[in-house]
Amino acid sequence: MSIAILRGLLVSSIAMKKILAVAAVMLMVLVGGQGEALAAADFEKPFEDNMAVAAHVEDPNGEYCQENWVMEPPPFLWTMVAKGCFTRNGDVWAIQDSFGDTYQTFIYWENWLWTGSSWQPYRSGWCNNNLGAPNWGKCNKDYYESSSKNFYGGKGSKIRFQICRRQPWATTCNPGSINDAPWINNNA
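Residues numbered from 1 in each chain as written. Predicted model: local features only at pLDDT ≥ 70, side-chain atom pairs only at ≥ 80, totals over all residues. Heavy atoms only, no water.

Student: Explanation requested: the state of the cysteines in the structure shown.
Tutor: Working definition of a disulfide: a covalent bond connecting the sulfur atoms of two cysteines. Counting across every chain of the model gives two disulfides. A disulfide bridge connects Cys-65 with Cys-85, and the sulfur atoms are separated by 2.2 Å. Disulfide Cys-65-Cys-85: torsion about the S-S bond near 110°, hence right-handed. On the criterion of sequence distance, the pair formed by Cys-65 in strand S3 (residues 64-71) and Cys-85 in strand S4 (residues 78-87) is long-range, its members being 20 residues apart. Taking the relative accessible area as the measure of exposure, Cys-65 reaches 36% and is therefore partly exposed. (Disulfide = S-S within 2.5 Å. Helix = DSSP H or I, 4+ residues; strand = E, 2+ residues; numbered from the N terminus. Buried < 20%, exposed > 50% of the residue type's maximum accessible area, 1.4 Å probe, protein only.)

Student: Please clarify how the sheet that holds strand S5 (residues 92-97) should be interpreted in this entry.
Tutor: Paired through their backbone hydrogen bonds, the strands of a sheet run either parallel or antiparallel. The strand order across the open sheet built from five strands is S2-S8-S5-S4-S3, with neighbouring strands paired in antiparallel fashion. In this open sheet, the two strands that pair with only one neighbour each are strand S2 (53-54) and S3. In this structure, S4 lies alongside S5, joined through six bridges in antiparallel fashion. By the bridge assignment, Cys-85 is partnered in S5 with Ala-94. (Pairing = 2+ DSSP bridges.)

Student: Would you explain the pattern of salt bridges in this entry?
Tutor: Where charged atoms from two side chains of opposite charge come close, those side chains can pair. This model, assessed by the stated rule, comprises five salt bridges. With a closest N to O distance of 3.7 Å, Arg-165 and Asp-97 form a salt bridge. Taken together, the positions of Arg-165 in strand S9 (residues 157-166) and Asp-97 in strand S5 put the pair 68 residues apart, joining distant regions of the chain. Taking relative accessible area as the criterion, Asp-97 reaches 5% and is therefore assigned buried. What emerges from the salt-bridge pattern is a single network uniting Glu-48, Arg-123 and Lys-141. (Salt bridge = Lys/Arg side-chain N within 4 Å of Asp/Glu carboxyl O.)

Student: Would you mind going over the nonpolar core with me for this structure?
Tutor: Across soluble globular proteins, you tend to see nonpolar side chains buried next to one another. Membership of the largest hydrophobic core comes to 14 residues, with the highest contact counts inside it found for Phe-86, Trp-93, Ile-107, Cys-127 and Phe-161. For this core, the elements supplying multiple residues, two or more each, are S4, S5, strand S6 (104-114) and S9. A per-element tally of this core places S9 first, with three residues. In this structure Trp-93 touches Cys-85, Phe-86, Ile-107, Trp-109, Cys-127, Gly-137, Lys-138, Cys-139, Lys-141, Tyr-143, Ile-159 and Phe-161, once residues within four positions along its chain are discounted. (Core = buried A, V, L, I, M, F, W, Y, C linked by side-chain atoms within 4.5 Å. Contact = heavy atoms within 4.5 Å.)

Student: Which parts of the structure should I look at to understand the pairing of S6?
Tutor: Note on strand geometry: in a regular strand, side chains alternate between the two faces of the sheet. By the criterion of burial, S6 is predominantly enclosed, with ten of the eleven residues buried. Where S6 hands over to strand S7 (residues 119-129), the hairpin turn is made up of four residues, of which Gly-116 adopts a positive phi near 115°.

Purely geometric numbers; function is a separate question.
As structure tokens, this is what we get:
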């Protein structure tokens, strides 16, 4: 082989490595850095990225549950694709991916604390079910109770959540915004 051909192969190899490195960084940002994109408020604690462990139940029947439904192509029937629940006693999240497709299924949650004069964002995160349909997964958390003195010195703890489904490369939650989710007073 001539030196010119070897140089050409070397330059091509270096260019390919650079392209792969850029693609890997982009993939890490898109897949690994999604939590911060969901949290709009300035939270005191870092984003909590939890993988659900197998729950081994048919339906945990939590205190507070939400479902995510979609309209399927013909025959145009509504299908439940995800369900998530929160139980205050033990601060346990349960999430089910009930539709086998490529979408990620998770609960995005926020925990706000009362300072004595206003509500402040304290923690946020998700409980991600990678167990596949139709399995239930759970994440066990430990939030302040509303009746106990919290991080800011006040008494009061509230939680809101939404069930999210999205393509693995997406950075937004479907459906919509957590701002529409009702608050739960965390007092077990």
